[in-house]
Amino acid sequence: MINITLPDGSIKQFEAGVTALDVAKSISEGLARNVLSATIDGEIKDLSMPITNDCNLKLNTWNDEDGKHTFWHSSAHLMASAVQALYPNAKFGIGPAIEKGFYYDIDFGEDVLREEDFAKIEKKMTEIVQQGVKLVRKEVSKQDALDYFGSKNEQYKVELIEGLEDGKITFYESGDFTDLCRGPHLSDFSPIKAFKITSLAGAYWRGDEHNKQLTRLYAISFPKKKELDEYLQMLEEAKKRDHRKLGKELELFAFSQNVGQGLPLWLPKGTELRKRLENFLAKVQKQYGYVQVMTPHIGNVNLYKTSGHFQKYGKDSFQPIQTPQEGEEYMLKPMNCPHHCEIYRLMPKSYKDLPYRVAEFGTVYRYEMSGELHGLTRVRSFTQDDAHIFCTQDQIKEEFCKVIDIVLYIFKTLKFENFTAQISLRDPNNKEKYIGTDEVWDKAENAIIESVAEKGLNAVTETGEAAFYGPKLDFMVKDALGRSWQLGTIQVDYNLPERFNLEYIGADNQKHRPVMIHRAPFGSMERFVAVLLEHTAGEFPLWLTPDQYIILPISEKYEQYAKQVGQTLNMADLRGTIDNRNEKTGKKIRDAEIKKIRYMLIVGEKEEAEGLVSVREHLKGDLGAMKMEDFAKLVQEEVRKELE
RNA sequence: GCCGAUAUAACUCAGUUGGUAGAGUAGCUGAUUUGUAAUCAGCCUGUCGGGGGUUCAAGUCCCUCUAUCGGCUCCA
């Protein structure tokens, strides 16, 4: 007999060789029907796997991430089975479960797969499910595995097997389709009741752009048709929050083919909103002892040779422009830091001047590949809320911690609660990618790790993700469709001070090298506004929103009074407009609601007579009449609360 | 840059097998003088993304360029 410990801590006894499915049956028939896989001592396994020793067992259903993972992974095999039946020459890459669904990378050879082929594949998948095909696990030797896939010319599988250890190789058979796979899987396809192939994309084999590009089929599946419908519905809803759509509707920004791709045009309302964000941050930075500077949009190419950016990114940048007479080369500014280093160098610095914190809302230009451009989140011209902190070795941690405080304050004020923090370290196996010695890299990496620990920040660590000049701490936030974007960033840099030969005179009257911290709490104004738009669905906080109110006169007769109200509110530092169109009040309200304007002020005979405004709040309705001064106070108070 | 898709009025979208373009919204004009999510009537709006080709005839078919969308790769 063996003891099996369940997640609630209870221990049950079974005969050795019992399966997880048997355990589920012993608990309840319903569980046995819904269980998808088992997590045994932390490893996900097939339900049919005999259990021979004492263990901790968790039974995974659709409600567990592990259960979903198993379900989608098996769904990928189902899709591959259908593809193999329809395209006998297809060669298979990998087909994993992902956060939302699954995909399979397939080499279709001469055939070109199009979206119109999806229906055909889905139909075949349905047939396979209906045939009651089972998923059978087989253990095979490395040689047998190589022979099997070799004989079928499955070059990608052969390549994968070559990297595996003999004795740990398993196949899963489902009808005529056999796949190299670690598992686990469902015992058959019957639970997969609803599925949809969602998109098709090119994907380089093993993620390397030098390899052949395979065709990746993205899909999703569910145990119930209703769940699929709800998922598709949810996707539609998410698209309504897309910043590109809202940016157009709310007249915040635009793009023009005539201006060029990836070059955003900030419209009046978007510009004002962005300015408010910039002023907000500038005020915070002033409190933290920053000084504000402005630098040109171009710089001599030698500046970027000094910084190392030209060697690293010169080929992939907008190419330098030449002065007509002297033939000197100037680059569009891809980074603000070299300019700031020059500002540091202008006058000799004492240790008493440090930390020296130079901030700039600096617009930079980078040649991003055309396929990468995406609304405001990935553009070729953007404004960083940049600053560089020049400090001593001993000040790094304190300065780093202060920047973390600024980032957290901003996220809190704007209610970004679901962010993740990521520490990016260099790849120790690929050191030639980076500039700087082992010693300075170790120092910088430790400074970040210690600061994060000190601030109690919950961060993931990624090796190989560091910038070429130093390690960093990034803050990531997801957009409406669940894509992750990097916003805030803090980076320690020992290299630029070296390259620019920056110095300060210490208390010992000797020259020392300062350390530099690059940081941008928003990241870029463009990306930040984009993500903010998607988070708020365009329902901005009152302090940020373009129009806080709109005045709706009942008829032309009250236009004069409406103007008087507008004047009073303007003097109280509120912002809004008057809708004096010849429309009925219901229409004006409807339009104001669609434009997401927070307060609608209805003015007619009664209001004019008593100096009142009738206030209607967006999405909430009538708040009743009040004095216009009281309305102004209400808005001012709310703005104050939002920013405290 | 690569794979696949898309491009019609200011916006959202129709446009059958090729026969020189439509709707709603917005805009303009007039009537109405309006009280918490759409007042009525009339009018205007297009190099059908650009260029080339096939055809008696192209929004529709083919080629090419540009931009956009979903991914891959990249992201100082």
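I would appreciate a short explanation of the overall build of chain A in the present structure.
The secondary structure content of chain A amounts to 20 helices and 35 strands. A fraction of 68% describes how many contacts in chain A between residues 6 or more apart in sequence connect residues 24 or more apart. Accessible surface computed for chain A: about 32200 Å², of which carbon and sulfur atoms make up 48%. Averaged over its 86 positive side-chain charges, chain A has a centre that lies 3 Å from the centre of its 100 negative ones.

Would you take a moment to explain the protein's contact with RNA strand B for this structure?
Every one of the 60 residues lining RNA strand B counts as a neighbour, but Gln 213, Ser 370, Glu 372, Asn 582 and Glu 607 are closest to it. Each atom of RNA strand B within 4 Å of the protein belongs either to a base or to sugar and phosphate, the latter forming 51%. Here a phosphate oxygen of RNA strand B sits 3.2 Å away from a polar atom, N or O, in the side chain of Lys 248. In this structure, Ser 614 approaches RNA strand B through a side-chain N or O atom, which is 3.3 Å from a base nitrogen. Counting residues per element, the ones that place at least two in the surface near RNA strand B are strand S14 (194–204), strand S15 (213–222), helix H8 (243–249), helix H11 (309–313), helix H18 (585–594), helix H19 (605–610) and strand S34 (612–617).

Honestly, the pattern of salt bridges in this entry has me stumped. Any pointers?
Pairing between side chains becomes possible if they bear opposite charge and their charged atoms approach one another. Per the counting criterion, the structure on display carries 49 salt bridges. A salt bridge links Glu 139 to Arg 137; the nearest nitrogen and oxygen atoms lie 3.2 Å apart. A residue is classified by how much of its surface remains accessible, and Arg 137, at 31% relative accessible area, is partly exposed. Among the ionic pairs, Glu 617 bridges to Lys 620, the shortest N-O distance being 3.6 Å. Given a relative accessible area of 65%, Lys 620 falls into the exposed group. Taken together, the shared-partner salt bridges connect Arg 274, Lys 275, Glu 278 and Glu 526 into one network.

Is there a simple way to think about the environment of Ala 459 in this case?
Mapped onto the elements of the fold, Ala 459 is located in strand S25 (residues 459–463). With relative accessibility at 25%, the residue Ala 459 sits in the partly exposed group. Sequence separation of Ala 459 and Phe 500 is 41 residues, and the distance between their C-alpha atoms is 32 Å. Residues contacting Ala 459, with those up to four places away along its chain left out, are Ala 421, Ile 423 and Val 452.

So what exactly am I meant to see when it comes to a negative patch on the surface here?
On the surface, Asp 144, Asp 147, Glu 165 and Asp 166 cluster together to form a negatively charged patch. Its location among the elements puts Glu 165 in the loop between helix H6 (155–162) and strand S12 (169–174). You can call Glu 165 exposed: its relative accessible area is 54%.

Can you walk me through helix H20 (residues 628–643) in this structure?
In an α-helix, one turn spans 3.6 residues; hence positions three or four apart end up facing the same way. In this model H20 runs 23 Å from its N-terminal to its C-terminal C-alpha over 16 residues, within 8% of the 22 Å that 1.5 Å per residue would give. All of the buried residues in H20 are Met 628, Phe 631, Ala 632, Val 635, Glu 638, Val 639 and Glu 642. For H20, the arc enclosing every buried residue in end-on projection is 130 degrees, short of the 170-degree limit, so these residues lie on one face. The exposed set on the far side of H20, more than 90 degrees from its buried face, consists of Lys 633 and Lys 641. Where H20 is buried, its residues touch helix H13 (396–413), strand S31 (549–553), helix H17 (559–571), strand S33 (599–603), S34 and strand S35 (621–627).

Looking at this structure, I do not really get the sheet that holds strand S11 (residues 135–140). What am I missing?
To summarise the sheet geometry, strands pair through backbone hydrogen bonds and adopt either a parallel or an antiparallel arrangement. Taken in spatial order, the three strands of this open sheet run S11-S12-S13, and their pairing is antiparallel. Of all strands in the sheet, those bounded by a partner on one side alone are S11 and strand S13 (177–180). Taking the axes of each pair of neighbouring strands and ignoring which way they run, one obtains an average angle of 25 degrees across the sheet. Pairing geometry for S12 and S13, over four bridges, is antiparallel. Opposite Glu 173, over in S13, you have Thr 178 as the bridge partner. Docked against the sheet, helix H3 (residues 65–86) engages S11, S12 and S13, running at close to 130 degrees with respect to S13.

Just to check I follow, could you spell out the domain arrangement of chain A for this structure?
Think of interface size as the accessible area that goes away when the parts come together; that is how it is often given. Looking at the assigned domains, one finds that chain A contains domain 1 (2–61), domain 2 (66–235), domain 3 (253–299 + 334–536) and domain 4 (549–643). Centre-to-centre, using C-alpha coordinates, domain 1 lies 49 Å away from domain 3.

What am I meant to see in the packing of helix H9 (residues 268–287) against H13 here?
Each pair of packed helices can be described by the angle between their axes along with the distance between the axes. Viewed as axis vectors pointing N to C, H9 and H13 meet at an angle of 140 degrees, and their least axial separation amounts to 11 Å. Viewed along their axes, H9 and H13 form a crossing whose handedness is right-handed. On H13, the residues touching Phe 280, Leu 281 and Val 284 of H9 are Ile 406, Tyr 409, Ile 410 and Thr 413. When grouped by side-chain class, the residues that make up the contact of H9 with H13 number six nonpolar, one polar and no charged.

I'm lost on the sheet that holds strand S26 (residues 472–478) in this one. Help?
The strand order S18-S22-S23-S30-S27-S26-S24-S25 describes an open sheet built from eight strands, whose pairing is mixed. Both edges of this open sheet fall to strand S18 (291–292) and S25, since each of them pairs with a single strand only. Along the sheet, helix H12 (residues 337–345) contacts strand S22 (356–365), strand S23 (381–391) and strand S30 (515–520); its crossing angle with S23, the most-contacted strand, is approximately 35 degrees.

Please explain unusual backbone geometry as it appears in this structure.
Comment: phi is negative for the bulk of residues other than glycine, and the bulk of peptide bonds are trans. The amide bond that connects Gly 183 to the next residue, Pro 184, takes the cis arrangement and shows omega of 0 degrees. Tracing the backbone through its elements, the reader meets Pro 184 in the loop between S13 and S14. In this structure, the amide linkage connecting Leu 354 to the following residue, Pro 355, adopts the cis form with an omega of -5 degrees. As for its position among the elements, Pro 355 is in the loop between H12 and S22. A positive phi is found at Glu 251, a non-glycine position, where the angle reads about 55 degrees. With respect to the element layout, Glu 251 can be found in the loop between H8 and strand S16 (253–254). The residue Lys 596 is not glycine, and still its phi comes out positive at about 60 degrees. By secondary structure assignment, the location of Lys 596 is in the loop between H18 and S33.

Would you explain the nonpolar core in this entry?
One broad trend across soluble globular proteins is that nonpolar side chains are buried collectively. In terms of nonpolar packing, the biggest core is built from 79 residues, with Leu 277, Leu 473, Phe 528 and Phe 631 touching the most fellow members. The biggest single contributor to this core is H13, with eight residues. Taken domain by domain, the makeup of this core includes at least three residues from each of domain 3 (253–299 + 334–536) and domain 4 (549–643). Leaving out residues up to four positions away in the same chain, Phe 528 has contacts with Leu 277, Ile 410, Phe 411, Leu 414, Phe 416, Leu 487 and Phe 522. Grouped together as the second largest cluster of nonpolar side chains are 41 residues, Trp 72, Leu 78, Cys 181 and Leu 186 included.

About the cut-offs
- Residues numbered from 1 in each chain as written.
- Chains lettered and ligands numbered in written order.
- Predicted model: local features only at pLDDT ≥ 70, side-chain atom pairs only at ≥ 80, totals over all residues.
- Heavy atoms only, no water.
- Helix = DSSP H or I, 4+ residues; strand = E, 2+ residues; numbered from the N terminus.
- Contact = heavy atoms within 4.5 Å.
- Areas by Shrake-Rupley, 256 points an atom, 1.4 Å probe, with all protein chains shown as cover.
- Lys, Arg positive; Asp, Glu negative; His and termini not counted.
- Charge placed at Lys NZ, Arg CZ, Asp CG, Glu CD.
- Near = heavy atom within 4 Å.
- Polar contact = N/O pair within 3.5 Å; in protein donor to acceptor, adjacent residues only side chain to side chain.
- Salt bridge = Lys/Arg side-chain N within 4 Å of Asp/Glu carboxyl O.
- Buried < 20%, exposed > 50% of the residue type's maximum accessible area, 1.4 Å probe, protein only.
- Patch = residues over 30% accessible without salt bridge, like charges linked within 9 Å, V, L, I, M, F, W, Y side chains within 5 Å.
- Expected span 1.5 Å × (residues − 1).
- Arc of directions from axis to C-beta.
- Pairing = 2+ DSSP bridges.
- Axes fitted to C-alpha atoms, helices over the stretch in contact; angles between N-to-C directions.
- Domains from an automatic or database assignment.
- Left-handed = near helix turned anticlockwise from the far one by under 90°.
- Nonpolar A, V, L, I, M, F, W, Y, C, P; charged D, E, K, R; others polar.
- Core = buried A, V, L, I, M, F, W, Y, C linked by side-chain atoms within 4.5 Å.

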